[in-house]
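Each chain, written out:
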Amino acid sequence: MMIDFLYFQLLIVILVVMLLSSMFRILREYERGVIFLLGRFYKIKGPGLILVIPFVQQMVRVDLRIVTMDVPSQDLISKDNVTVRVNAVLYFRVLDPQKAIINVENYLEATSQLAQTTMRSVLGQHELDEILSARDTLNTDLQRILDQSTDNWGIKVTAVEIKHVDLDESMIRAIARQAEAERARRAKVIHATGELEASKQLLEAAHILAQQPEAIQLRYLQTLTEVSSENSKIIVFPLPMELGQILQRLAGQQNPADPKSPSEMT
């Protein structure tokens, strides 16, 4: 009997020690404890060493650090009826542990599902070109909408970043053709602009040469010098129109006068 009594006392001591040890909890600097007293919200404790009465109080730990959540790829149809797959990354943190635990069952899962549905609805209102080029504006819109929706959950959405926009192969080829056509258009515009500037310069040069006809002869001599320096068997050299008129005048002076007609001789 004495041994059984000692065993019983030892068991009581062990239970008391375990009970006392379970009353003390240590919360890190970035953690808070939501305390419930007999099922009702009591207070928020932490960080540091806190006391939780067993069987009477219950504690739920809440992490206050920024959570990085990967939003799965979502199939959506843009405003111009193009099917794309978009995924993003979401950054948020808990500001009010009481709301995060009481107002929503699982704030991580709820935030993830809300981000997916919001991304589909917001991006579906924009065209493909806007989704590809105006990501900063779309990120700001998504962050603002999610922050307003999760405000009642005690959550602050700090940023939303669209990571990838996956397109079909046919759409990629169409975009490539569009880019090629755009480059061709720019090349034509640049070439036309160059032709316009060259024509203006040539017109100005023609006015200067018209004032000094001797200058055109200098240009002919310079052209001959440039052509003679090249290894070419055929040389095409333009002759001035005045040279043809001079040759015709000389030929007319060398020909004898036409004989008189018989009617004039009689």
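Residues numbered from 1 in each chain as written. Predicted model: local features only at pLDDT ≥ 70, side-chain atom pairs only at ≥ 80, totals over all residues. Heavy atoms only, no water.

The protein has the name Protein QmcA in an unreviewed UniProt entry, where Zobellella iuensis is given as its organism. Comment text from UniProt for the protein, heading Sequence similarities (unreviewed entry), reads "Belongs to the band 7/mec-2 family." Taken verbatim from the UniProt record of the protein, the Subcellular location (unreviewed entry) comment is "Membrane". (UniProt positions renumbered as here; feature names shortened; annotations may be inferred.)

A.B. asks: Describe the environment of L123, and please don't skip the residues or the numbers.
C.D. replies: Position of L123 among the secondary structure elements: in helix α3 (residues 107-123). When its relative accessible area of 0% is taken as the criterion, L123 is described as buried. Residues L123 and K79, 44 residues apart in the sequence, show an inter-C-alpha distance of 8.4 Å. When neighbours within four sequence positions are excluded, L123 is seen to be in contact with L76, S78, V86, I131, L138 and I162. (Helix = DSSP H or I, 4+ residues; strand = E, 2+ residues; numbered from the N terminus. Buried < 20%, exposed > 50% of the residue type's maximum accessible area, 1.4 Å probe, protein only. Contact = heavy atoms within 4.5 Å.)

A.B. asks: Lay out the pattern of salt bridges with the relevant residues and their values.
C.D. replies: Under the defined criterion, the tally for this structure stands at nine salt bridges. The partner of R144 in a salt bridge is D141, and the shortest N-O contact between them spans 3.8 Å. Here R144 pairs with D141, and both are found in helix α5 (residues 135-149), just three residues apart, close to one helical turn. For R144, a relative accessible area of 41% translates into the label partly exposed. (Salt bridge = Lys/Arg side-chain N within 4 Å of Asp/Glu carboxyl O.)

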